[in-house]
Amino acid sequence: MPAREYIRERFFPHIWCPGCGHGIVLNGLVRAIENIGLKKNDIVMVSGIGCSSRIAGYMDFHTLHTIHGRALAFAIGVKMSRPDLTLLVPMGDGDALSIGGNHFIHACRRNIDMTAIVMNNRVYGMTGGQYSPLSGYGTMATTAPYTNIDQAFDVVSMATAAGATFVARATAYHVQQLPGILEEAIRHKGFSVVEVMTPCPTYFGRKNKEGSAVDMMENLKTRTTPIGSKAKQENPSLIERGIFVKKELPEYCAEYQRIVERAMKGK
Amino acid sequence: MAKLKLKGHLINRDWCKGCGICVHFCPRKVLELDEFDKVVAVRPQDCVCCKLCELRCPDLAIEVQTEQD
Amino acid sequence: MGGELKFVQGNEACVKAALYAGLDFFAGYPITPSTEIAELMAARLPRKGGTFMQMEDEIASICAIIGASLTGRKVMTATSGPGFSLMQEGLGYAIMAEIPCVIVDVQRGGPSTGLPTKVSQGDVNQARWGVHGDHAIVALTASNHQDIFSITVDAFNFSETYRTPVILLFDEVIAHMRERLKVPEPGEIALVERLKTSVKEGVDYHPYLQREDGRLPMSDFGGVHRYNVTGLFHDMWGFPSENPTVVHELLRHLTDKIDNHVEKMTRYREYFIEDAEMLLISYGSSARSALHLVTDRRQHGESVGLLELQTLWPFPSALVREKTRNARYVVVVEMNMGQVLQSVKASVERPERVFLANRVDGVLITPADIRNILRLIQGKGV
């Protein structure tokens, strides 16, 4: 199993609840990294705060567990100093898009070479089940005891609009695609966003009567469809998964290197 | 691609949290939870080595060990 | 020693000193009255192969420099009061994770948007206690461009020596005023480089295990040692811990490493203080007015002196107690409602003789302002 080499086994079993999709993301990520053949010393993982952020502690890379919402800003400092390193930035949906929303869109805009993984479980889990910016209208949460009237973001649309040059959506159910999508995101030279829909049976599931972890995984299967599928045409409420954007644009570190060269020439 | 042959299911009982995802989604119903809510391979002879259980396990608690045919 | 002579703003003196100290990464966000620092960095850093980044806000700025520092760079950001408020959580992270960095706060009138283009010294306590939780902090200031230069170099040196963020508290007057600066020759001021671990690859490295002298040798991110950095209380490997012994020892370490070295970090100047009956204590641009007054009154035979503080935090209590021992009156001259005054009162014998000469209307306190207050204190009227 490739996982063994890349994880800090001494901290397992991990803190995540039974059936939490975050572990499946970790599982897919180590496979992606093995497929690429990255060396552990060349990987820096930067995370923020929340259930998702704990992934960094379990990975045997250079790991930086930072403050809520700011993982991308820390990661940019690392990357701009060491463009040769591979930066992985796992975040929760609240972490990336509520408190960290500004950093998220600006990281997309700069097209700096790193991979942002939004582990979207539609809830604040670490604090006990409050609604997140991705919970969506009509959901229930401890802070929406009557119903949630906040509309949700579409991470893929927003990342695309903000200029990310690789944008994809995967799910914790579709594990045959997950490592491949993560691999392609990491290999992409530029800012990559991968939204991974993951179940939180403990909070989102209970509050919204979505059943067990198994039931929530079934939901990921039935409520999503590959991009451009016939099923989507027949049922527009299906959520598309796959790679939405993959384009080449000047990468930020490389562009800055050109600035250095100009400055050194005095022009 | 050569067909994979099962060597065994390596299950880490300390890591398994008994969520049942592997059990439910196993296409051949090889796996079950025991009385301690830990996964066991009760019908290994039926395993087709698709490794979906291994890929879907949130706890990295199961590994399908194979040898090439 | 021959050095390059320049006629510059205080902000530029700070930039020159930072580059002299080995700065190679700056991230910032425009805010008056600190913006010239970012502009000059944008032009000059890439010329030496360094990195300048204009971030989306001050929060991102401090986070980016912390990330860069972990890879072995000397780093800095610059801001003013409102931006400094936004940086407090990142500052706390740098304290907890013990990451060297320098934060310049060019003070302006506050609270809130306040007086963006006017002078104030109202952030002294924000520098001390803006971060939540118990902690120690280093904050330095200066009143002239030559001292801005040397104190900025000190800031980088302290930051590397003690693995801590260091705050440079300048103010609008000193930052925008132009005066002469003699840029020291390379080597004229000693520089402290980062203490790197000598632990070889493959040998267990403990990023948070102190040496006997309390210092923590670092390993660059991206190097041969992989470890964890967190803002949570952590053990010697950098992994989160709630063990009460670990928590207690780390908090004590974070405060002791600063508080036990107050003398080494104390920078000050003194003028006519041996026989001073009336002792002024000031810092930053207000110290210029205080010095002008002291020099003037000495010519009139009055026994007035000035203690100019350059280290504000950790507060040099022993120094202040010693220097104020023989003064009949102690007058703290500052442009706030008495932020250093409180520390002076807490430090001296007979605090009832300590008074405040302040101005908080966005205008530089003048020698005449101070003199009027001195006359009142002495019962001479105005």
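Residues numbered from 1 in each chain as written. Chains lettered and ligands numbered in written order. Predicted model: local features only at pLDDT ≥ 70, side-chain atom pairs only at ≥ 80, totals over all residues. Heavy atoms only, no water.

Some details on the pattern of salt bridges
Okay, so step 1: What the rule picks out here adds up to 38 salt bridges over all chains.
Okay, so step 2: With a shortest N-O distance of 2.8 Å, Glu195(A) and Arg169(A) are connected by a salt bridge. You can see Glu195(A) sitting in strand S8 (residues 191-197) and its partner Arg169(A) sitting in strand S7 (residues 166-171), a full 26 residues away along the chain.
Okay, so step 3: By relative accessible area, which is 7% here, Arg169(A) ends up buried.
Okay, so step 4: We note a salt bridge from Asp361(C) to Arg359(C), for which the minimum N-O separation is 2.9 Å. (Salt bridge = Lys/Arg side-chain N within 4 Å of Asp/Glu carboxyl O. Helix = DSSP H or I, 4+ residues; strand = E, 2+ residues; numbered from the N terminus. Buried < 20%, exposed > 50% of the residue type's maximum accessible area, 1.4 Å probe, protein only.)

Here we look at the interface of chain A and chain B
Okay, so step 1: The interface is formed by 27 residues belonging to chain A together with 19 residues belonging to chain B.
Okay, so step 2: Carbon and sulfur atoms make up 64% of the area that chain A and chain B hide from each other, which totals about 2,100 Å².
Okay, so step 3: Our enumeration of links across chain A and chain B arrives at one salt bridge.
Okay, so step 4: Its salt-bridge partner being Arg31(A), residue Glu54(B) comes within 3.2 Å of it at the nearest N-O pair.
Okay, so step 5: Taken together, chain A and chain B are joined by 10 residue pairs in polar contact (both at pLDDT 80 or more). (Contact = heavy atoms within 4.5 Å. Buried area = accessible area lost by both parts, 1.4 Å probe. Polar contact = N/O pair within 3.5 Å; in protein donor to acceptor, adjacent residues only side chain to side chain.)

Regarding the nonpolar core
Okay, so step 1: Grouped together as the largest cluster of nonpolar side chains are 139 residues, with contacts concentrated most on Phe104(A) and Met76(C).
Okay, so step 2: In terms of residue count, the dominant contributor to this core is helix H3 (residues 58-70) of chain C (nine residues).
Okay, so step 3: Two domains each donate at least three residues to this core, and these are domain 1 (1-265) and domain 2 (269-377) of chain C.
Okay, so step 4: If we ignore the near neighbours within four places in the chain, the residues touching Phe104(A) are Leu72(A), Met91(A), Ala96(A), Leu97(A), Val118(A), Val155(A), Met158(A), Ala159(A) and Val193(A). (Core = buried A, V, L, I, M, F, W, Y, C linked by side-chain atoms within 4.5 Å. Domains from an automatic or database assignment.)

Re the packing of aromatic side chains
Okay, so step 1: Considering all chains together, one arrives at 14 aromatic pairs over all chains under this definition.
Okay, so step 2: Summarising the aromatic geometry, the rings of Phe26(C) and Phe52(C) are spaced 5.9 Å apart at their centres and angled 10° between planes, so their arrangement reads as stacked. Placement of the pair is Phe26(C) in strand S2 (residues 25-28) and Phe52(C) in strand S3 (residues 51-54), with a sequence separation of 26 residues. The pair Phe26(C) / Phe52(C) is uniform in exposure class, with both members buried.
Okay, so step 3: Members of the aromatic cluster, connected to one another through ring pairs, are Phe12(A), Trp16(A), Tyr58(A) and Trp15(B). (Phe/Tyr/Trp six-rings, centres within 6.5 Å; stacked < 30°, edge-to-face > 60°.)

What about the interface of chain C and chain A?
Okay, so step 1: Each side of the interface is counted separately: chain C has 41 residues, and chain A has 37 residues.
Okay, so step 2: Interface area, chain C with chain A, both sides summed: about 3,200 Å², of which 59% is carbon and sulfur.
Okay, so step 3: At the surface where chain C touches chain A, the tally comes to two salt bridges.
Okay, so step 4: Salt-bridge contacts for Arg110(A) lead to Glu56(C); the nearest nitrogen and oxygen are separated by 2.7 Å.
Okay, so step 5: Our count for the contact surface shared by chain C and chain A stands at 18 residue pairs in polar contact (both at pLDDT 80 or more).
Okay, so step 6: When residues of the side of chain C that touches chain A are traced back to their parent elements, those giving at least two are S3, H3, helix H5 (88-97) and strand S9 (228-230) of chain C.
Okay, so step 7: The element that contributes the greatest number of residues to the side of chain C that touches chain A is H3(C), accounting for eight residues.
Okay, so step 8: Here the residues of the side of chain C that touches chain A are counted per class, giving 19 nonpolar, 13 polar and nine charged.
Okay, so step 9: As judged from the three bridges shared by strand S2 (residues 62-65) of chain A and S9(C), these two strands associate in the parallel manner. Bridge pairing links Leu64(A) to Val229(C) in S9(C). (Nonpolar A, V, L, I, M, F, W, Y, C, P; charged D, E, K, R; others polar. Pairing = 2+ DSSP bridges.)

Here's the deal with helix H6 (residues 101-110) of chain A
In an α-helix, one turn spans 3.6 residues, which is why side chains three or four residues apart end up on the same side.
Residues and elements named next belong to chain A.
Okay, so step 1: By the criterion of burial, H6 is predominantly enclosed, with seven of the 10 residues buried.
Okay, so step 2: Among all positions of H6, only Gly101, His103, Phe104, His106, Ala107, Cys108 and Arg110 are buried.
Okay, so step 3: Of the residues trailing H6, Asn111 is marked for its positive phi of about 55°.

Concerning the domain arrangement of chain C
Residue and element names in this part refer to chain C.
Okay, so step 1: Here the domain parsing of chain C yields domain 1 (1-265) and domain 2 (269-377).
Okay, so step 2: Relative to domain 2, the C-alpha centre of domain 1 lies at a distance of 28 Å.
Okay, so step 3: Carbon and sulfur atoms supply 55% of the area that domain 1 and domain 2 bury against each other, a total of about 2,100 Å² over both sides.
Okay, so step 4: The partner of Glu179 in a salt bridge is Arg288, and the shortest N-O contact between them spans 2.9 Å.
Okay, so step 5: Taken together, the elements giving at least two residues each to the side of domain 1 that touches domain 2 come down to helix H6 (124-129), strand S6 (138-140), helix H7 (145-162), strand S7 (165-171), helix H8 (172-176), helix H9 (244-259) and helix H10 (262-265).
Okay, so step 6: Looking at which element gives the most residues to the side of domain 1 that touches domain 2, the answer is H6, with four residues.

Quick notes on the arrangement of the chains
Okay, so step 1: By contact count, the leading pair among the two pairs of chains in contact is chains A and C.
Okay, so step 2: For chain B and chain C, which are not in contact, the least C-alpha distance works out to 20 Å.

Overview of the sheet that holds S2(A)
Across a sheet, paired strands are connected by hydrogen bonds in the backbone, their directions being either parallel or antiparallel.
Okay, so step 1: One open sheet accounts for nine strands, arranged S9(A)-S10(A)-S7(A)-S8(A)-S4(A)-S3(A)-S1(A)-S2(A)-S9(C); its pairing is mixed. The sheet is open, and its two borders are formed by strand S9 (224-226) of chain A together with S9 of chain C, each paired with just one other strand. Direction aside, neighbouring strands of the sheet carry axes that sit 20° apart on average.
Okay, so step 2: Judged from the four bridges that link them, strand S1 (residues 43-47) of chain A and S2(A) form a sheet pairing that is parallel. Counterpart to Met45(A) in the pairing with S2(A) is Thr63(A).
Okay, so step 3: Sheet strands in contact with helix H4 (residues 71-81) of chain A are S1, S2, strand S3 (86-92), strand S4 (114-120) and S8 of chain A, and its direction is about 175° off that of S3(A). (Axes fitted to C-alpha atoms, helices over the stretch in contact; angles between N-to-C directions.)

With respect to unusual backbone geometry
Residue and element names in this part refer to chain C.
Okay, so step 1: Omega for the bond connecting Gly110 with Pro111 falls within 30 degrees of zero, at 10°, which places this linkage in the cis form.
Okay, so step 2: Tracing the backbone through its elements, the reader meets Pro111 in the loop between strand S5 (101-107) and H6.
Okay, so step 3: Here Trp313 and Pro314 are connected by a cis peptide whose omega angle stands at -5°.
Okay, so step 4: With respect to the helices and strands, Pro314 occurs in the loop between strand S13 (311-313) and helix H12 (317-324).
Okay, so step 5: Even without glycine at this site, Glu98 takes up a positive phi of about 55°.
Okay, so step 6: Along the chain, Glu98 turns up in the loop between H5 and S5.
Okay, so step 7: A residue is classified by how much of its surface remains accessible, and Glu98, at 2% relative accessible area, is buried.
Okay, so step 8: One non-glycine residue, Arg350, adopts positive backbone phi at about 55°.
Okay, so step 9: Structurally, Arg350 can be placed in the loop between helix H13 (339-347) and strand S15 (354-358).

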